[in-house]
Amino acid sequence: MPTRNIPITVFTGFLGAGKTSIILSLLPRLPKDYKVVLLKNEFGDVEVDSQLAKQSSLAAVSEILNGCMCCVLVGQMKNALLEIREKYRPDRIFIECSGSAFPATLAFQIRELERETNEDLKLDAIVTVIDAENFTGYEDTSPTAKMQASYTDVILINKWEHVSERQLDILIDHLNTLNDTTPKIKCQGRDGVDPNLILGLDSKLFQLEAQETLDTQHHDEVETVTLYKGYSLASRDNHGHTHRTSDTHSEEAAGHSDASPVSEQTLIEALSSLSKETVWRVKGFVRLERGLHILNWAFGRYELTPFDDTSNEHKGSVKFTVMGERGEVKRAARKLAQSIGAEIVA
């Protein structure tokens, strides 16, 4: 019978803050035999970040798609954690929340699991990742972003190298106004952060007795739209809430009448025309002339990462989730779809 409990570290932060990159940068800095499982909540049904994570040294990646884990998918989250415990018995579980998640409800559920499992599963820390370049822009319009920075054990300031010293000072002033007691740590580019600074914190936040006094209302401020090109109806009509684990994941995707590659220049021009006031994140798979790539676009910056589709899941040419301001993002997504010859699915 195992005597050590399984600590859970929850990563939260607004869309495009860099949560997945931070998590992946931690892995090479952990002991070689240290087993970590990632439970990831994806927006929409395009499991982009999880595909990247599967190419890492994680013991497993478990996905909860098409909904927010802090509200409608809470039951799935508890089941997923219990399944991970039984199936993998890892040294630690990382949970990556969707960009609009307020971690209080999620954390209270973990506290309940602590009690139900006699602290075999235990909340270790809430870690909030802040996008230094854009936080002061969306802070005014996003209650969630403010709450993520207010209720946390540690704040990681990411992408600070893209701003001036003056802008960084303003950001830290904003963060101190929201939360002046929590440590704030600057990430070191792609090296992320020293694991010793964020693991083993034994969080005192979100104790069950405080549940009734804290506003845990979910703010549904993010709308998602999906774009497809070259995917069959069977492969794209799977929009229900799903829970997938990496070693059982599969997707039916058949060719469509137009699965031709997208011009990279056309894609870049279409992305550059997006307004980061209304569109906050675009992520997904795109087939260019030079092969299949994962697109990660956030607030005007983008990365195209080559993707080796060894399982031959992606036979189409575009599968994007577009995320942004509710009521506004659909118009921008429609324009993007027209530019690259894709179809829009709300």
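Reading the values: rules and limits
- Residues numbered from 1 in each chain as written.
- Predicted model: local features only at pLDDT ≥ 70, side-chain atom pairs only at ≥ 80, totals over all residues.
- Heavy atoms only, no water.
- Helix = DSSP H or I, 4+ residues; strand = E, 2+ residues; numbered from the N terminus.
- Buried < 20%, exposed > 50% of the residue type's maximum accessible area, 1.4 Å probe, protein only.
- Contact = heavy atoms within 4.5 Å.
- Salt bridge = Lys/Arg side-chain N within 4 Å of Asp/Glu carboxyl O.
- Pairing = 2+ DSSP bridges.
- Axes fitted to C-alpha atoms, helices over the stretch in contact; angles between N-to-C directions.
- Polar contact = N/O pair within 3.5 Å; in protein donor to acceptor, adjacent residues only side chain to side chain.

**Q** Help me understand the side chain of asparagine 158 in this model?
**A** Mapped onto the fold, asparagine 158 is located in strand E6 (residues 154-158). According to the relative accessible area criterion, asparagine 158 is buried, its value standing at 8%. The contact partners of asparagine 158, leaving out residues within four places of it in the chain, are Ala17, Gly18, Ile22, Val129, Ile130, Asp131, Ala132 and Cys187.

**Q** Honestly, the pattern of salt bridges in this entry has me stumped. Any pointers?
**A** Close approach of charged atoms lets side chains of opposite charge pair. What the rule picks out here adds up to 17 salt bridges. Linking glutamate 264 and arginine 290 is a salt bridge whose minimum nitrogen-to-oxygen distance equals 2.8 Å. With glutamate 264 in helix H9 (residues 264-272) and arginine 290 in the loop between strand E10 (279-288) and strand E11 (291-298), this residue pair connects regions lying 26 residues apart in the sequence. Under the relative-accessibility criterion, glutamate 264 is labelled partly exposed at 26%. Here arginine 290 falls in the exposed class, since its relative accessible area comes to 51%. For glutamate 328, the salt bridge is made with arginine 331, and the minimal N-O distance between the two is 3.0 Å. What makes glutamate 328 partly exposed here is its relative accessible area of 30%. When salt bridges with common partners are traced through the structure, they connect Arg85, Glu86, Arg89 and Asp120 into a single cluster.

**Q** What is the right way to read the sheet that holds E10 from this model?
**A** Backbone hydrogen bonds are what pair the strands of a sheet, in a parallel or an antiparallel way. Taken together, six strands build an open sheet; the order of strands is E12-E11-E10-E13-E8-E14 and the sheet is antiparallel. The sheet terminates laterally at strand E12 (301-306) and strand E14 (343-345), the two strands that pair on one side only. Ignoring which end each strand starts from, the neighbouring axes of this sheet average 20° apart. Direction of pairing for strand E8 (residues 222-229) relative to strand E13 (residues 318-325): antiparallel, over a ladder of eight bridges. Paired with threonine 224 across the two strands is methionine 323, which belongs to E13.

**Q** Just checking my understanding: could you explain the pairing of E12 for this structure?
**A** Here is the key point about a regular strand: its side chains alternate between the two faces of the sheet. Where E11 lies against E12, six bridges are found, and the strand directions are antiparallel. The residue bridging asparagine 296 from the neighbouring strand is glutamate 303, located in E12. Counting the residues that bridge the hairpin from E11 to E12 gives two residues, and of these phenylalanine 299 lies at a positive phi of roughly 50°.

**Q** Mind showing me how you'd approach the side chain of threonine 182 here?
**A** Within the secondary structure, threonine 182 is located in the loop between helix H7 (165-178) and strand E7 (184-186). At 2.8 Å, the side chain of threonine 182 and the side chain of asparagine 179 are in polar contact. The residues touching threonine 182, leaving out its near neighbours within four places in the chain, are Thr152, Asp153, Val154 and Ile155.

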